[in-house]
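Examining the three-dimensional arrangement
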Amino acid sequence: MAGKNQRGRQQVREPKVRKAALTHTIADFEPAFWPDEQPVDNAVVMTMGALHEGHAALIRAARKQVGADGRVAVTVFVNPLQFGAGEDLDRYPRTLAADVRLAEENGADVVFAPLPEEVYPNGEPQVRLSAGPMGERFEGATRPGHFDGMLTVVAKLLHITDPDFAFFGEKDAQQLAIVQRMVADLDFDVEVVGVPTVREEDGLARSSRNRFLSEEERERALVLSRALFAGRDVAAQGPKAVREAASAVMDTAEGVTLDYLALIDPDDFTEAADDFQGEAVLAVAAKVGATRLIDNVRIIVR
């Protein structure tokens, strides 16, 4: 993508100090993100805020990709289109000051934190992107319309930020797969990069929603990663063994309500057949108390 919007690649040295600009409007974002005509690569990390080490890893990966003189933007926007009836839009944590600090410490140049009326100036959009069949399975079956809302805002933010690279976490495996498919199917001029899940020392996947777990619930939540690791450990024995091993662990869970545990073909996010071979996603979603958690591991099934 060298030369896109007169911004190409070049080797640079690491600056001593990086101060992230906080912007709330498109008019303010553009000159902050592109302060001059210097041709450099740029990247975006899209978030809904409440940033943690998982987001920090995305920002660091973006900085490494574009180099010291490249530009990294972090968007912080709690997208109302992604939340269905009864979901936790109002409960979702807003921690902008801390988010800006974390973004700055990990290499961001700009934090774009618009209000809903900036992103949707005419109210909820009448025309939206559809995630199609990929958006109707697993997370999409539990949260109808979620991926349509996600794709709509991702498309808008890609237009606004116009990046060479967009970084997404592998923890949200279905989201990553759908964004990659949108970019390929609709000819977006951006490279989507997946970054491995960041975990606590005990295996719990980092999530903004972990803060809602009590100490007892957090301990119970560890069954999700244990089930995934059990399936991963027998991947060489085939899909049936993977499913059985993971299910055996989930069957021991107390205080956990399973939504789904599935071995998935990442190309189209369908359930992998019993004779499937190759890279697969072993994914789980469950409620621990009132908090819904998701997790997954990527495995090679033989």
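The text that follows walks through the structure, step by step, so that each part is easy to find. (Residues numbered from 1 in each chain as written. Predicted model: local features only at pLDDT ≥ 70, side-chain atom pairs only at ≥ 80, totals over all residues. Heavy atoms only, no water.)

1. Overview of unusual backbone geometry
- In this structure, Ala50 is a non-glycine residue whose phi angle is positive, near 50°.
- As for its position among the elements, Ala50 is in the loop between β2 (42–47) and α2 (53–66).
- The phi angle at Phe138 is positive, at roughly 50°, despite the residue not being glycine.
- One can find Phe138 in the loop between α4 (116–119) and α5 (139–142).
- Classification of Phe138 as buried rests on a relative accessible area of 14%. (Helix = DSSP H or I, 4+ residues; strand = E, 2+ residues; numbered from the N terminus. Buried < 20%, exposed > 50% of the residue type's maximum accessible area, 1.4 Å probe, protein only.)

2. With respect to the nonpolar core
- Grouped together as the largest cluster of nonpolar side chains are 43 residues, with contacts concentrated most on Val154, Leu158, Phe168, Val179 and Met182.
- Of all the secondary structure elements, the ones that give two or more residues to this core are α1 (26–33), β2, β4 (110–112), α6 (146–161), β5 (165–169), α7 (173–185), β7 (256–265) and β9 (278–288).
- The biggest single contributor to this core is α6, with 9 residues.
- Ignoring any residue separated from it by four or fewer positions in sequence, one finds Val179 in contact with Met150, Leu151, Val154, Phe168 and Val192.
- The next biggest cluster of nonpolar side chains, apart from the first, holds 29 residues, and it includes Leu204, Leu213, Val242 and Ile299. (Core = buried A, V, L, I, M, F, W, Y, C linked by side-chain atoms within 4.5 Å. Contact = heavy atoms within 4.5 Å.)

3. Concerning the sheet that holds strand β6 (residues 191–195)
- The strand order across the open sheet formed by 6 strands is β1-β4-β3-β2-β5-β6, and the pairing between neighbours is parallel. The strands lining the two open edges of the sheet, one partner per strand, are β1 (21–23) and β6. Strand-to-strand twist of the sheet, defined as the mean angle between neighbouring strand axes without regard to direction, takes the value 25°.
- One ladder, built from 3 bridges, connects strand β3 (residues 71–76) with β4; its direction is parallel. Note on β4: the bridge partner recorded for Ala73 is Val110.
- Packed on one face of the sheet, α2 meets β2, β3, β5 and β6 and runs near 155° to β5. (Pairing = 2+ DSSP bridges. Axes fitted to C-alpha atoms, helices over the stretch in contact; angles between N-to-C directions.)

4. Examining the packing of α6 against α7
- Across the interface, α6 lies against α7 with an axial gap of 11 Å and an inter-helix angle of 55°. By the angle between their axes, α6 is oblique relative to α7. Seen from above, α6 lies across α7 with right-handed handedness. Listed contacts from α7 to Phe147, Met150, Leu151, Val154, Ala155 and Leu158 of α6 are Gln174, Gln175, Ile178, Val179 and Met182.
- Looking at the contact of α6 with α7 residue by residue, the class counts come to 9 nonpolar, 2 polar and no charged. (Parallel < 35°, antiparallel > 145°, perpendicular 65-115°, else oblique. Left-handed = near helix turned anticlockwise from the far one by under 90°. Nonpolar A, V, L, I, M, F, W, Y, C, P; charged D, E, K, R; others polar.)

5. Here's the deal with the side chain of Thr291
- Along the chain, the position of Thr291 falls in strand β10 (residues 291–301).
- According to the relative accessible area criterion, Thr291 is buried, its value standing at 2%.
- The residues contacting Thr291, other than those within four sequence positions of it, are Arg91, Arg209, Phe212, Leu213 and Ala286.

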